[in-house]
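Listed below are the residues making up each chain.
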Amino acid sequence: MTSSVEVALPPLISNVLFAVAPGSGASRLLLTAFIVMLFIALTAAVLGWLRARAGLRCAASTALQIAEGDLDGARLQIPACGPVASTALNALAASFERVEREAREERESLSLVLNSLGEGMLAIDDARRIVLVNQAALDLFDVGDRESLERRPFIEVVRNKTLADGFDRALEGAEVRTSALVDAGRTVRHIEMRVVPVVAPSGIAAVALCIDITRMEHLQRIRSDFVADFSHEVRTPLAGLRLALESLQEGGLDAAQAEHLHAILHRQIGRLERLVSDLAQLDEIESGEAVLRFEEIDLYPLVEELCTDFEPRAAANGLAIRVSGGRARAVVDPGKIQQVFSNLVDNAIKHSSPDSGRIEVRVRSEDQSAIVEVQDFGEGIPPGEQSKIFHRFYRVDKSRTARGEGSGLGLAIARHLVIRHQGEISVESAPGKGATFRVRLPAAAG
Ligand code: ADP
């Protein structure tokens, strides 16, 4: 009797076995074991392949997530990609994070440097679109915020053909220096722009530095006006001095002639001294260097006393000074505010005709203000000149300069002093009917 081990195999496999190995039971057993092992190995291989494929897919999608910058999402997914891929993906995410942080820090430093520049900086690409702009340029052109400007055409944002042409020439390779008057919100600015062409991997094709030269030009104009005015002012006294000196040098003068020439010398020297001291005072007040000593006083007695001092001079011109009104308390520098009113009363006497007979000075308190008005009934001031008389050296009647009357600085000094008191000075006048100068100062509280 032959012993055999019967193994229950699926009918298809056992049929195949009996067909291929019709021998003894032992050899059939061996074959069966081999096939089972093969089956298990194959199954394991298939399962392994399936797992590897899933891991690969997971790794690919996680890497994609990292590339898109979704680091938090990727970190949640990494453990599912298997131990080997996880280590690599974690390293990838960390390095991506580092690169991103470094780029952000670089961007922040660049923007810090650009924004700390006092000058406006603007960069465009070769399609003339803004790719970089600093805060100073936004302020200069008075245009919106940086984000809304980036990638918009320069001409659309700044709307200035001259500056846009400057960029065009720079894109053709030239270094350009141009300037234009630009509408910036409610003001017009004179902007100077220097543009250089650049080749940068970031797409920047030209960089411009923009400087506001409005104020510089204004100061330049003030300076030349001042030099012109000053030379004009000193020319007359200097000519008088030269003439008097030459006549004295020639000799042969009698006592009366010599005395007359000495009087001219004194007058012209006095005029030059007044001019220099008025100018120095104006400069001190304008620059804010003048120290004012404020105290609360009633303006009425101050004005009354001042007018009393002027009475003899007024009387010599056939004029009477009438002071009216009442208490008007204000916080002022008494010396300086007295200088303001003295100038107004002095001008009223100078510009009154003797037949007008009087000068009126009124003091009152009204709507939180202390008001002093000086009214004369003299020649008056034409409407077109009324605002100009507060300018340095301005005179309505130009022949007064030649006659050496006043420095033309009195009202400019008065205006600056009133401004230093947070007040206002104004004039109302009709030619031939006289002028009323009004000083409004903040009334003392309480
Ligand atoms: P100055 O009196 O030395 O000429 P001011 O600055 O005091 O200089 O005055 C400037 C100009 O304003 C005067 O030259 C004059 O033309 C005009 N002006 C000032 N006050 C009066 C006034 N009360 N009536 C008419 N014109 C005046």
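Described below are features of the structure shown in this document.

About the thresholds
Residues numbered from 1 in each chain as written. Predicted model: local features only at pLDDT ≥ 70, side-chain atom pairs only at ≥ 80, totals over all residues. Heavy atoms only, no water. Helix = DSSP H or I, 4+ residues; strand = E, 2+ residues; numbered from the N terminus. Rg over C-alpha atoms; globule rule 2.2 N^0.38 Å. Buried < 20%, exposed > 50% of the residue type's maximum accessible area, 1.4 Å probe, protein only. Areas by Shrake-Rupley, 256 points an atom, 1.4 Å probe, with all protein chains shown as cover. Lys, Arg positive; Asp, Glu negative; His and termini not counted. Charge placed at Lys NZ, Arg CZ, Asp CG, Glu CD. Pairing = 2+ DSSP bridges. Axes fitted to C-alpha atoms, helices over the stretch in contact; angles between N-to-C directions. Parallel < 35°, antiparallel > 145°, perpendicular 65-115°, else oblique. Contact = heavy atoms within 4.5 Å. Near = heavy atom within 4 Å. Polar contact = N/O pair within 3.5 Å; in protein donor to acceptor, adjacent residues only side chain to side chain. 1 Å grid on protein atoms, 1.4 Å probe; cavity = no way out; pocket = protein on both sides within 12 Å on 5 of 7 lines; lining within 4 Å. Sits in = over half its atoms within 2 Å of the grid points. Nonpolar A, V, L, I, M, F, W, Y, C, P; charged D, E, K, R; others polar. Patch = residues over 30% accessible without salt bridge, like charges linked within 9 Å, V, L, I, M, F, W, Y side chains within 5 Å. Salt bridge = Lys/Arg side-chain N within 4 Å of Asp/Glu carboxyl O. Phe/Tyr/Trp six-rings, centres within 6.5 Å; stacked < 30°, edge-to-face > 60°. Lys NZ or Arg CZ within 6 Å of the ring centre and 35° of its normal.

Tallying secondary structure elements over the chain gives 14 helices and twelve strands in all. Computed over C-alpha atoms, the radius of gyration of the chain comes to 47 Å, more than 25% over the 22 Å expected from 2.2 N^0.38 for 446 residues, which places it beyond the range of a compact globule. A buried classification covers 36% of the 446 residues belonging to the chain. Only carbon and sulfur atoms are counted for the fraction: they give 57% of the accessible area of the chain, which is about 26,500 Å². In the chain, 50 positive and 61 negative side-chain charges are present, and the distance between their average locations comes to 4 Å.

Where strand E1 (residues 120–125) and strand E2 (residues 130–133) come together, three bridges link them in antiparallel fashion. Bridged to Leu122 within E2 is Val133. What sits between the antiparallel neighbours E1 and E2 is a turn of four residues, in which Arg128 has the positive phi angle 65 degrees.

Moving on: the packing of helix H2 (residues 25–67) against helix H4 (residues 83–116). Between two packed helices, the angle of one axis relative to the other and the distance separating the axes together describe the packing. The geometry of H2 relative to H4 is characterised by a closest axis approach of 10 Å and an angle of 5 degrees between their N-to-C directions. Taken together, the axis directions place H2 and H4 in an arrangement best described as roughly parallel. Note on element contacts: H4 touches H2 through Ala85, Leu89, Leu92, Ala93 and Phe96, opposite Ala59, Thr62, Ala63, Ile66 and Ala67.

Once that is clear, we can look at the site of the ligand. Within the structure, the ligand sits among 18 residues, and Lys350, Asp376, Val396, Gly408 and Leu411 are positioned closest to it. Contacts to the ligand include Lys350, whose side-chain N or O atom sits 2.9 Å from an oxygen atom. With respect to the ligand, the backbone of Val396 contributes an N or O atom lying 2.9 Å from an oxygen atom. For the ligand, whose free accessible area comes to 530 Å², the fraction covered by protein is 98%. With respect to the pocket detection grid, the ligand is positioned in the largest pocket. When residues of the shell around the ligand are traced back to their parent elements, those giving at least two are helix H12 (334–350) and helix H14 (410–420). Broken down by element, the residue count for the shell around the ligand peaks at three residues, all from H12. Broken down by class, the residue content of the shell around the ligand amounts to seven nonpolar, eight polar and three charged.

All right, on to the sheet that holds strand E5 (residues 204–212) then. Read from one edge to the other, the open sheet built from five strands follows the order E2-E1-E5-E4-E3, with strand pairing classed as antiparallel. Lying at the two open borders of the sheet, with one neighbouring strand each, are E2 and strand E3 (176–184). In this sheet, neighbouring strand axes are inclined to one another by 25 degrees on average, regardless of whether the strands run parallel or antiparallel.

Here we come to unusual backbone geometry. Here the phi dihedral of Arg159 falls at roughly 50 degrees; this positive angle occurs in a residue that is not glycine. Summarising the element assignment, Arg159 is placed in the loop between helix H7 (154–158) and helix H8 (161–171). Judged by its relative accessible area of 67%, Arg159 falls in the exposed class.

Here the focus is a positive patch on the surface. On the surface, a cluster of positive charge is contributed by Arg98, Arg101, Arg104 and Arg107. Along the chain, Arg101 falls in helix H4.

For the rest of this paragraph, the subject is the packing of aromatic side chains. For the coordinates displayed, the defined rule picks out four aromatic pairs. Geometrically, the ring pair formed by Phe154 and Phe167 is edge-to-face, given 4.7 Å between the ring centres and 70 degrees between the ring planes. Residue Phe154 is found in helix H7, and its partner Phe167 is found in helix H8; the two are separated by 13 residues along the sequence. Phe154 gets classed as buried once you look at its relative accessible area, which sits at 2%. On the basis of relative accessibility, which here comes to 1%, the residue Phe167 falls in the buried class. Ring centres of Phe390 and Phe437 lie 6.3 Å apart, and the angle between their planes is 70 degrees; on these two criteria the pair is classed as edge-to-face. Of the two residues, Phe390 sits in the loop between strand E10 (369–376) and helix H13 (399–403) while Phe437 sits in strand E12 (residues 434–442), which places them 47 residues apart along the sequence. Judged by relative accessible area, Phe437 falls into the buried class, the value being 7%. One aromatic cluster is present, built from ring pairs that chain together Phe226, Phe230 and Phe393. The ring of Phe377 has Arg358 sitting right over it, with the charged end atom 4.0 Å from the ring centre.

This part takes up the pairing of strand E4 (residues 187–197). Summarising the sheet, E3 and E4 pair through nine bridges and their orientation is antiparallel. Across the sheet, Leu181 pairs through a bridge with His190, a residue of E4. Where E4 meets E5, seven bridges bridge the pair, whose relative direction is antiparallel. Residue pairing in the sheet places Val196 in a bridge with Val207 of E5.

Let us now look at a negative patch on the surface. Side chains of Glu102, Glu105, Glu106 and Glu108 sit close together on the surface and give a patch of like negative charge. Within the element layout of this structure, Glu105 appears in helix H4.

With that out of the way, let us pick up the environment of Ala290. Mapped onto the fold, Ala290 is located in the loop between helix H10 (255–286) and strand E6 (295–298). If we skip the residues at most four places from it in the chain, Ala290 touches Glu284, Ile285 and Arg420.

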